[in-house]
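The primary structure of each chain is shown beneath.
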Amino acid sequence: METWQYMLAVALAAALLLAIRSAVIKRKKRKERDFTRKLETVLQPRETVKVVCPNRGGRCILTSRRLLVETREGFIAYPFAKIKGLRGLDSSGKTTASVPKMVSLTVKAEKEYTVYNTCGEFAELAKQLKTKIRKKK
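Residues numbered from 1 in each chain as written. Predicted model: local features only at pLDDT ≥ 70, side-chain atom pairs only at ≥ 80, totals over all residues. Heavy atoms only, no water.

With that out of the way, let us pick up the packing of aromatic side chains. A full pass over the atoms with the stated rule returns one aromatic pair. With a centroid separation of 6.2 Å and 50 degrees between ring planes, the pair formed by Phe35 and Phe75 is classed as tilted. Of this pair, Phe35 sits in helix α1 (residues 3-42) while Phe75 sits in strand β4 (residues 75-79), and the two are 40 residues apart along the sequence. You can call Phe35 buried: its relative accessible area is 4%. The exposure class assigned to Phe75 is buried, which follows from its relative accessible area of 19%. For Arg56, the ring lying beneath its charged end belongs to Tyr116, and the centroid distance is 3.9 Å. Against the face of Phe35 rests Arg59, its NZ or CZ located 4.0 Å from the ring centre. (Phe/Tyr/Trp six-rings, centres within 6.5 Å; stacked < 30°, edge-to-face > 60°. Helix = DSSP H or I, 4+ residues; strand = E, 2+ residues; numbered from the N terminus. Buried < 20%, exposed > 50% of the residue type's maximum accessible area, 1.4 Å probe, protein only. Lys NZ or Arg CZ within 6 Å of the ring centre and 35° of its normal.)

Right, here's the structure in full:
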């Protein structure tokens, strides 16, 4: 092959990569926009969002009145009065109350739901959730 053919192949590959990158960015923005629209329909009057924590399989949203868990079908709402307990686990699998050491936080309500420490908002979510549950008891 000649040099112009190599240069043409590199240009086509670069154009293909840019097209793929553009499509991925558009999809990500659309999913974020759809999430905010869907969340606005679920919120009750005078309910404010405190923390949004991305999690495995969806997001976990702490509002002023309840904990919302995003699933594939929609949202599951756990009012603070229905939450029976919280249990934090550290990296060795032992129970911990220290938020910075937590790897996951298990919320016990009608079902158990685990929130994993995958983002910076996890510490704020765990701290606020612990204070809200403590106040209710």
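Looking now at the environment of Ala11. Along the polypeptide, Ala11 turns up in helix α1. With relative accessibility at 45%, the residue Ala11 sits in the partly exposed group. Placed twelve residues apart in sequence, Ala11 and Ala23 show a C-alpha to C-alpha distance of 19 Å.

Another aspect to go through is the sheet that holds strand β6 (residues 95-96). The four strands lie next to each other as β6-β5-β7-β8, forming an open sheet whose pairing is antiparallel. Sheet topology places β6 and β8 (112-116) at the edges, where each strand pairs with a single neighbour. Where strand β5 (residues 85-89) lies against β6, two bridges are found, and the strand directions are antiparallel. Residue Leu89 lies in a different strand from β6, and its bridge partner there is Thr95. (Pairing = 2+ DSSP bridges.)

This part takes up the state of the cysteines. Evaluation of the coordinates by the stated rule reveals zero disulfides. With no disulfide of its own, Cys60 has Cys53 as its nearest cysteine by sulfur position, at a separation of 6.4 Å. By relative accessible area, Cys60 is classed as buried at 0%. The closest cysteine sulfur to the non-disulfide-bonded Cys119 is located on Cys53, 3.2 Å from its own sulfur. Note on Cys119: relative accessible area 17%, which makes it buried. (Disulfide = S-S within 2.5 Å.)

Spatial ordering of the open sheet is given by β1-β2-β3-β4, a layout of four strands whose pairing is antiparallel. Every interior strand has two partners, whereas the edge strands, β1 (49-55) and β4, have only one. Strand-to-strand twist across the sheet, computed as the mean angle between neighbouring axes with direction ignored, equals 15 degrees. (Axes fitted to C-alpha atoms, helices over the stretch in contact; angles between N-to-C directions.)

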